[in-house]
Amino acid sequence: MSVPEGTPTQQFIGGKWVDGSAGTFDVLDPSTGEVLCAVPRAGVDDVRRAVDAAADAQAGWAALAPRERSEILRGAFELMIERTEQLAYLMSLEMGKSLTDARGEVVYAAEFFRWYAEEAVRVGGEVRMAPSGANRILTFRKPVGVCLLLTPWNFPAAMATRKIGPALAAGCAFVLKPAEDTPLTALVLAQILAEAGAPDGVVNVLTSDKPGELVEAALGDDRVRKLSFTGSTGVGRALLKQAADRVVNSSMELGGNDPFIVLDDADLDAAVDGAMLAKMRNGGQACTAANRFLVAESVADEFAAKLADRMGALTMGPGTSPDTEIGPMINRKAVDGIADKVSRTVDAGAKAVIGGSAVEGAGFFYPPTVLTGVPRDSAVAVEEVFGPVAPIITIRDDEDALAIANSSEFGLTGYVYTGDLARGLRVCERLEVGMVGLNRGLVSDPAAPFGGVKQSGLGREGGFEGIDEYLETTYVATNW
Ligand code: NAD
């Protein structure tokens, strides 16, 4: 396998394609473990150049008419949709997801450009009367300034556009650093934004497999005013500490350990359909992936059997192969991590109904796995498992489900299946999460506020709320 002709493999700084000042690193095909291509490793000099370019472009971009910024985003949306096949293939190649998942992601990702093209022209302020009646309170919204955007590998397009869309709409120039496993999709996004008319310096993309020093240099630069990070909770915590030194405005989309609750009155076939989406989209490598199936004792055996049938029937193979329904995991470390958590859980008394150990041979494959009789404190129940593993824990009633669900340090997504909407809403209200799918296995929607509570994050992406992360408020006290 090789990278399609025309795919950029250099960094994008100040409107130019450039090499890195610290050499190169390899991008691997996760279905074989072989090298696809090399991309630049950004050095501290590149960080400075990218921040220079963004800072130079910032004032002009912020001053551009909102309609013009909107049209550029709209143009980028259209180019992405036109290039669905190219982008989907590239994502399947570098990340390993099936072509079906990749096509879905291109549309989802492009929608953030369309949504924020629509929001760019709706940034407003307010006029209020002070409660004393003594004066008026006027508010203006202004772009926060140059942004540092850091994205993970699991949704190489959508995690980037979910930040780029609102940043550009608000009037912010940015430097994006995509994950080292999947830098190519981000480079194509830079190409598309430039083609859509983003002025030089507004869009900058640096690539590196040594993110620590790059990010430290960027966060140490006074001109960088915003950090938006999507990734693991551990790295998010460390970045918040670094951002604290200069009190950099920070948004965090972090890990999860999402409960999927099936109550005793649920339509089990609908719950299994939802579980397939919530668990198996992206091969289980989604922050919104159902990680703990909390199933009523009376229906647990039937649910487990139906889910095992469906998961076991999936065709595993390279993401780029048209028949593939589940591709490889992202890298060897990911496979080893999943294998370790599953084997510790089996040692603690769980049973693997299907799967349960990594696939031998080339590539980074882990098969769909359903675990029953999972102890409540076992590894897969308390740690995020980023893979196709469905642990089933039985619950006595709604209170029991809520107690287990809320016992986590995470609070990203939850799912609830029940035949009684009012009962479902009561459970939704008490779940300590940022998002809930009620009789639905998919919550992601560019028009909805995406984000977590507890150690799953700070802030929201998407929806009306997403642009607020890139705006600041100035208030004027006056009278007339
Ligand atoms: P990660 O935290 O390892 O990496 C994310 C990004 O941070 C990458 O760009 C990486 O290069 C960079 N990074 C890593 N270490 C760094 C350091 N020391 N200093 C500065 N930057 C650093 O996460 P990942 O493995 O790419 O992604 C998987 C994780 O992301 C999972 O925990 C998943 O739940 C989470 N995630 C969350 C959301 C959400 O919206 N909440 C969405 C997708 C993924």
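A.B. asks: Would you mind going over helix 14 (residues 421-430) in detail, with residue names and values included?
C.D. replies: For helix 14, the complete set of buried residues consists of Arg423, Gly424, Val427 and Cys428. Across the axial projection of helix 14, the buried residues extend over an arc of 140°, all falling on one side. Exposed residues lying more than 90 degrees from the buried face of helix 14 are Leu421, Arg426 and Glu429. On its buried face, helix 14 sits against strand 12 (258-262), helix 13 (398-405), strand 17 (413-417) and strand 18 (435-438).

A.B. asks: Quick rundown of the side chain of Arg162? Include the residues and the values.
C.D. replies: Mapped onto the elements, Arg162 comes out in helix 5 (residues 158-170). Here Glu461 takes part through its side chain, which lies 2.5 Å from a polar atom of the side chain of Arg162. Every residue in contact with Arg162, bar those within four places of it in the chain, is listed here: Tyr108, Phe112, Thr230, Glu253, Phe450 and Glu461.

A.B. asks: Give me the lowdown on the sheet that holds strand 5 (residues 126-129), citing residues and values where you can.
C.D. replies: The three strands lie next to each other as 5-6-20, forming an open sheet whose pairing is antiparallel. Looking at the sheet topology across the chains shown, the edges are occupied by strand 5 and strand 20 (471-478). Neighbour-to-neighbour, the strand axes of the sheet open up by a mean angle of 25°, direction not taken into account. For strand 6 (residues 136-143) and strand 20, the ladder comprises eight bridges, and the chain directions are antiparallel. The partner of Thr139 across the bridge, within strand 20, is Tyr475.

A.B. asks: So, the sheet that holds strand 18: which residues are in play, and what are the values?
C.D. replies: Either a parallel or an antiparallel arrangement is found when strands of a sheet pair, and the pairing is made through backbone hydrogen bonds. Taken together, seven strands build an open sheet; the order of strands is 14-15-16-13-12-17-18 and the sheet is mixed. In this open sheet, the two edge strands, each paired with only one partner strand, are strand 14 (351-354) and strand 18. Adjacent strand axes in the sheet meet at a mean angle of 25° when their direction is disregarded. As defined by bridge partners, strand 13 (residues 290-296) adjoins strand 16 (residues 389-395) across four bridges and the pair is classed as parallel. The partner of Val295 across the bridge, within strand 16, is Thr394.

A.B. asks: Outline the packing of aromatic side chains, listing residues and values.
C.D. replies: A complete count under the given rule lists eight aromatic pairs for this structure. Connected via pairs of aromatic rings, a cluster forms that spans Phe260, Phe293, Phe303, Tyr415 and Tyr417. One cation-aromatic arrangement involves Lys226 over Tyr470; the distance from NZ or CZ to the ring centre is 5.3 Å.

A.B. asks: Summarise the nonpolar core; cite the residues concerned and give the values.
C.D. replies: Core analysis: the biggest nonpolar cluster contains 99 residues, and Phe260, Phe293 and Phe303 have the highest contact counts within it. Of the residues forming this core, the biggest block, 10 residues, is contributed by helix 4 (residues 99-119). Apart from residues no more than four positions distant in its own chain, Phe303 is found in contact with Phe260, Val262, Leu268, Ala271, Val272, Ala275, Phe293, Val295 and Ile392. If you look at the next biggest cluster of nonpolar residues, it comprises 27 residues, including Leu263, Ile338, Leu371 and Ala401.

A.B. asks: Could you give an account of the domain arrangement of the protein, with specific residues and numbers?
C.D. replies: Here the domain parsing of the protein yields domain 1 (11-254 + 456-478) and domain 2 (258-445). Placing the centre of domain 1 and that of domain 2 at their C-alpha centroids yields a distance of 30 Å. Between domain 1 and domain 2, the residue contacts involve 26 residues of the former and 30 residues of the latter. Buried area between domain 1 and domain 2, both sides added, is near 2,200 Å², and the carbon and sulfur share of it is 59%. Joining domain 1 to domain 2, the criterion identifies one salt bridge. Close ionic contact of Glu409 with Arg237 constitutes a salt bridge, the shortest N to O distance being 4.0 Å. There are nine residue pairs in polar contact (both at pLDDT 80 or more) connecting domain 1 and domain 2. Elements with a contribution of two residues or more to the side of domain 1 that touches domain 2: helix 3 (84-95), helix 4 and helix 8 (233-244).

A.B. asks: If you had to explain the environment of Ala477 to someone new, which residues and values would you point to?
C.D. replies: Residue position: Ala477 is located in strand 20. Taking relative accessible area as the criterion, Ala477 reaches 49% and is therefore assigned partly exposed. Taking the C-alpha atoms as reference, Ala477 lies 8.9 Å from Ala130; in sequence the two are 347 residues apart. With sequence-adjacent residues up to four places away left out, Ala477 is seen in contact with Asn135 and Arg136.

A.B. asks: Please provide a residue-by-residue account of the environment of Glu105, values included.
C.D. replies: For Glu105, the position within the fold is in helix 4. Other than its neighbours up to four places away in sequence, Glu105 contacts Met91, Lys97, Asn154, Phe155, Pro156, Ala157 and Ala158.

A.B. asks: Kindly report on the pattern of salt bridges, identifying the contributing residues and their values.
C.D. replies: Throughout the structure, instances matching the rule amount to 31 salt bridges. Here Lys177 and Glu180 are joined by a salt bridge, their closest N and O atoms 3.6 Å apart. Residue Lys177 is classed as buried on the basis of its relative accessible area, which comes to 4%. The salt bridge partner of Lys306 is Glu302, with a shortest N-O separation of 3.8 Å. Of this pair, Lys306 and Glu302 both sit in helix 10 (residues 300-312), four residues apart, roughly one helical turn. One network of salt bridges, in which partners are shared, links Asp45, Arg48, Asp52, Asp221 and Arg223.

A.B. asks: Help me get a handle on the packing of helix 3 against helix 6 (residues 183-195), residues and values and all.
C.D. replies: Between helix 3 and helix 6, whose axes approach to 8 Å, the crossing angle comes to 155°. By the angle class used here, helix 3 and helix 6 are roughly antiparallel. For the pair formed by helix 3 and helix 6, the contact residues are Gln86, Leu87, Leu90, Met91 and Glu94 on the first element and Pro183, Leu184, Thr185, Val188 and Ile192 on the second. Tallied by class, residues from the contact of helix 3 with helix 6 come to seven nonpolar, two polar and one charged.

Calculation criteria
- Residues numbered from 1 in each chain as written.
- Predicted model: local features only at pLDDT ≥ 70, side-chain atom pairs only at ≥ 80, totals over all residues.
- Heavy atoms only, no water.
- Buried < 20%, exposed > 50% of the residue type's maximum accessible area, 1.4 Å probe, protein only.
- Helix = DSSP H or I, 4+ residues; strand = E, 2+ residues; numbered from the N terminus.
- Arc of directions from axis to C-beta.
- Contact = heavy atoms within 4.5 Å.
- Polar contact = N/O pair within 3.5 Å; in protein donor to acceptor, adjacent residues only side chain to side chain.
- Pairing = 2+ DSSP bridges.
- Axes fitted to C-alpha atoms, helices over the stretch in contact; angles between N-to-C directions.
- Phe/Tyr/Trp six-rings, centres within 6.5 Å; stacked < 30°, edge-to-face > 60°.
- Lys NZ or Arg CZ within 6 Å of the ring centre and 35° of its normal.
- Core = buried A, V, L, I, M, F, W, Y, C linked by side-chain atoms within 4.5 Å.
- Domains from an automatic or database assignment.
- Buried area = accessible area lost by both parts, 1.4 Å probe.
- Salt bridge = Lys/Arg side-chain N within 4 Å of Asp/Glu carboxyl O.
- Parallel < 35°, antiparallel > 145°, perpendicular 65-115°, else oblique.
- Nonpolar A, V, L, I, M, F, W, Y, C, P; charged D, E, K, R; others polar.

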